[in-house]
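Residue-level listing of the chains:
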Amino acid sequence: MSWEAIRAYDYRAAFGRLRAGRAWRWSGVVVAGLVGGWLGLALGGEVVTPIGPADVTLGLSPQWEGETVVDVRPLGQLAFDTHDAPLRLQATISDIRLSAAEEMFADPEAINRMAAGIGSDLRAGVISLVVRALIAATLGAVLMGLLLFRSVWRSLFSGLVSLVVLVGSGALAASSFNPSAIAEPRYTGLIAGAPQVVGGAEAVVSRFNQYQEQLAGLVGNVAMIYEATSTLPVYEEDESVVRVLHVSDIQLNPASWSIIRTLREQYAVDVVVDSGDLTDRGSAAEDVFADEIADLEVPYVWVRGEHDSMGTQRAVESQPNAVVLDDDIEEVAGLTFYGAGDPRYTPDATRLNPDEAGVADQGEEQAEAVSRSGDEVDVAVLHTRTQGEAFDGVSPLVLTGSDHMRSTVLGEQGTRFLVQGSTGGAGLSGLDHGMGRPTPYQASVLYFDVETGRLQARDDIDLGGVGLTSAQVERHVEPDPDRVVGDEPEASEDDATEPERTP
């Protein structure tokens, strides 16, 4: 190049182009660090940490509005505005460890020790999460830099960008952390329809130590239920017998589904019969609770209880294996069922519900209609004994619920009335072991002759109420399964009534 060309060269423009090129390259490094760090967090920003007998999954992810989310499946989520940094912390109960639960049951002081250790367990889990998140985000950014630039130095700078941003966000979260945010949770899912389940938020803040102990007891008690059902005896299948699992008054307790699934598998159940009160208030938010029915994979015969709305009934009807009876007769697994929903809907204070006499009158009308139809009904399913009393002499067996206590009596016309206890331990409130004597979880497996449709025997299953650890199974053989039902009843002195049993 000649001297004149050197003098004529525009050095300012060249320097500007060079500077612009560097700016673009550094911008690319920053973008690679942010995108790679986000992908790293998405793929590796989780840890599983033990808290008591439960394994809790803690996750960290970027989000414009920082929050802490507690996932209480299948009830829904609780979200708290705990910090201002663009990070979301999520905690999900992923498993109940039976070995830890058994150890807790064997030592009465274990629950107290667990309550005292929850804070340290959670702190250790968060520290482990932070370390893992930093490593995952940095590694993700470095890999993104290598993929885009094929340069070690630029990829390392991308990793540094991700590390600085995450550390800065964490520092901002720590400095802006607001523990009083627990007093203002946002509810979504089932729990939105019944926020009273978790108690008053202000009480949780003001009495955290007491709440911590109750929470520890709740976790342990639910773990006990899983352990108790897993040890029930297994019965071989018999083609001459139809096995029916009778449940009732689940009342929105998610632990009930695990119990029902275990009993269905252990006893090779052909049909599940639910005599009502599946939900607590029959609200639209509770409809998703019925989705668990489909997972049972056997027919689910159901009648509406006084806590179930018509919306609840439609939610149950939408399940592929559900048989909803509302003044209907259906044959299921070789047995002929009649069922009708409770005419009352008590959660709606604006609705004029019939009194006991009105419920009894409706039962009489329904029983007369079944008698006139000429159909031979093997089992009648109603929610209350009041509605079912008129079926004495119409059906050999009447299944009801509502009382939250199991009982049975042989009617004057030869009909066996079986009132089931609460398979939900009287609902979600039963999970609080401080609410007085716990309600046992109760269900019965009924054995029917496939030829006659008559009840031959039943196994009454009591799982110790929350706070207890017992599981009891009692076999009851029907003294006269082929007795005459109707105009010529046969009396049985020792079969007049059976008292309720609790473990």
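Residues numbered from 1 in each chain as written. Predicted model: local features only at pLDDT ≥ 70, side-chain atom pairs only at ≥ 80, totals over all residues. Heavy atoms only, no water.

### A few points about the overall build of the chain
- Secondary structure assignment for the chain yields eleven helices and 20 strands.
- Per-residue burial for the chain yields a buried fraction of 47% across its 503 residues.
- Sequence-distant contacts in the chain: of pairs separated by 6 or more residues, those separated by 24 or more amount to 65%.
- On the chain, roughly 24400 Å² of surface is accessible, and the fraction owed to carbon and sulfur atoms is 56%. (Helix = DSSP H or I, 4+ residues; strand = E, 2+ residues; numbered from the N terminus. Buried < 20%, exposed > 50% of the residue type's maximum accessible area, 1.4 Å probe, protein only. Contact = heavy atoms within 4.5 Å. Areas by Shrake-Rupley, 256 points an atom, 1.4 Å probe, with all protein chains shown as cover.)

### Comments concerning the pairing of strand 8 (residues 271–274)
- With burial as the criterion, each face of strand 8 is covered, one bearing Val271 and Val273 and the other bearing Val272 and Asp274.
- By the bridge criterion, four bridges tie strand 7 (residues 241–247) to strand 8 in an arrangement that is parallel. Bridge pairing in strand 8 links leucine 245 to valine 272.
- Chirality of the crossover, the property in question, places the unit of strand 7, helix 8 (residues 255–266) and strand 8 among those that are right-handed.
- With three bridges connecting them, strand 8 and strand 9 (residues 300–302) associate as parallel partners. Paired with valine 272 across the two strands is tyrosine 300, which belongs to strand 9. (Pairing = 2+ DSSP bridges. Right-handed = clockwise from strand over helix to strand, strands pointing away.)

### Here's the deal with the environment of phenylalanine 391
- Mapped onto the secondary structure, phenylalanine 391 falls in the loop between helix 11 (385–388) and strand 14 (397–400).
- For phenylalanine 391, a relative accessible area of 1% puts it in the buried group.
- With ten residues separating them along the chain, phenylalanine 391 and valine 381 place their C-alpha atoms 10.0 Å apart.
- Residue contacts for phenylalanine 391: discarding those within four places in its chain leaves Tyr338, Gly363, Gln366, Ala367, Val370, Ala380, Leu382, Val398 and Thr415.

### Concerning the side chain of serine 176
- Note on placement: serine 176 falls in the loop between helix 5 (152–175) and strand 6 (186–188).
- Of note is the side chain of serine 176, whose polar atom sits 2.7 Å from the backbone oxygen of leucine 172.
- When near neighbours in sequence (up to four residues on either side) are disregarded, serine 176 contacts Thr82, His83, Asp84 and Ala85. (Polar contact = N/O pair within 3.5 Å; in protein donor to acceptor, adjacent residues only side chain to side chain.)

### Notes on the pattern of salt bridges
- For the structure shown, the criterion picks out 13 salt bridges.
- Linking arginine 88 and glutamate 67 is a salt bridge whose minimum nitrogen-to-oxygen distance equals 2.9 Å. With arginine 88 in strand 5 (residues 87–96) and glutamate 67 in strand 3 (residues 67–72), this residue pair connects regions lying 21 residues apart in the sequence. Pair check on accessibility: arginine 88 and glutamate 67 agree, each one buried.
- Between aspartate 342 and arginine 344 there is a salt bridge; the shortest N-O distance is 3.0 Å.
- A relative accessible area of 1% means that aspartate 342 is categorised as buried.
- Accessibility expressed as a relative area gives 10% for arginine 344, which makes it buried.
- A single salt-bridge network, built from bridges that share partners, covers Arg406, Arg458, Asp460 and Asp462. (Salt bridge = Lys/Arg side-chain N within 4 Å of Asp/Glu carboxyl O.)

### Examining the nonpolar core
- With 30 residues, the main nonpolar core has Leu245, Val247, Ile250, Trp257, Leu278, Tyr300 and Val316 as its most contacted residues.
- Within the residue set of this core, elements represented by two or more residues are strand 7, helix 8, strand 9, helix 9 (310–317), strand 10 (322–324), strand 17 (441–449) and strand 18 (455–463).
- Apart from the residues within four sequence positions on either side, tyrosine 300 is in contact with Val247, Ile250, Trp257, Val272, Asp274, Leu278, Ile293, Asn321, Ala322 and Val323.
- Counting 19 residues, the second-largest nonpolar core is a separate cluster that includes Val332, Leu418, Phe448 and Leu455. (Core = buried A, V, L, I, M, F, W, Y, C linked by side-chain atoms within 4.5 Å.)

### Brief notes about unusual backbone geometry
- You will see that alanine 333, though not glycine, has its phi angle at about 55°, which is positive.
- If you trace the backbone, alanine 333 turns up in the loop between strand 11 (328–332) and strand 12 (335–339).
- You will see that serine 402, though not glycine, has its phi angle at about 80°, which is positive.
- Tracing the backbone shows serine 402 in the loop between strand 14 and strand 15 (407–410).
- Since its relative accessible area comes to 19%, serine 402 is described here as buried.

### Points about the sheet that holds strand 17
- Strand order in this open sheet of seven strands is 10-9-8-7-17-18-19, and the pairing throughout is mixed. This sheet does not close on itself; its edge strands, each paired only once, are strand 10 and strand 19 (471–477). The sheet shows a mean angle of 20° between the axes of neighbouring strands, taken without regard to direction.
- Where strand 7 lies against strand 17, six bridges are found, and the strand directions are antiparallel. Residue pairing for strand 17: valine 244 is matched across the bridge by leucine 446.
- The strands touched by helix 8 within the sheet are strand 7, strand 9, strand 17 and strand 18, with strand 7 carrying the most contacts at an inclination of about 170°.
- Contacting strand 9 and strand 10, helix 9 crosses the sheet at an angle of about 140° to strand 10. (Axes fitted to C-alpha atoms, helices over the stretch in contact; angles between N-to-C directions.)

### Observations concerning a negative patch on the surface
- On the surface, Asp355, Asp361, Glu364, Glu365 and Glu368 cluster together to form a negatively charged patch.
- Note on placement: aspartate 361 falls in helix 10 (residues 356–373).
- In this structure aspartate 361 comes out as partly exposed when scored by relative accessible area, which is 42%. (Patch = residues over 30% accessible without salt bridge, like charges linked within 9 Å, V, L, I, M, F, W, Y side chains within 5 Å. Lys, Arg positive; Asp, Glu negative; His and termini not counted. Charge placed at Lys NZ, Arg CZ, Asp CG, Glu CD.)

### Observations concerning the confidence of the model for the chain
- Put simply, the chain has an average pLDDT of 78, and 69% of its residues get 70 or more.
- Counting contacts from residues 190–216, a segment whose pLDDT is below 50, to residues more than four positions away or on other chains yields 45 contacts.
- A low-confidence stretch, residues 489–503 (pLDDT under 50), is modelled with 42 contacts involving residues beyond four sequence positions or located in other chains. (pLDDT = per-residue confidence, 0-100.)

### Looking at the packing of aromatic side chains
- The tally for this structure, following the rule as stated, stands at three aromatic pairs.
- Judged by centre distance (5.4 Å) and plane angle (45°), the rings of tryptophan 257 and phenylalanine 289 are tilted. Of the two residues, tryptophan 257 is situated in helix 8 and phenylalanine 289 in the loop between strand 8 and strand 9; the sequence distance between them amounts to 32 residues. The residues tryptophan 257 and phenylalanine 289 share a single accessibility class, namely buried. (Phe/Tyr/Trp six-rings, centres within 6.5 Å; stacked < 30°, edge-to-face > 60°.)

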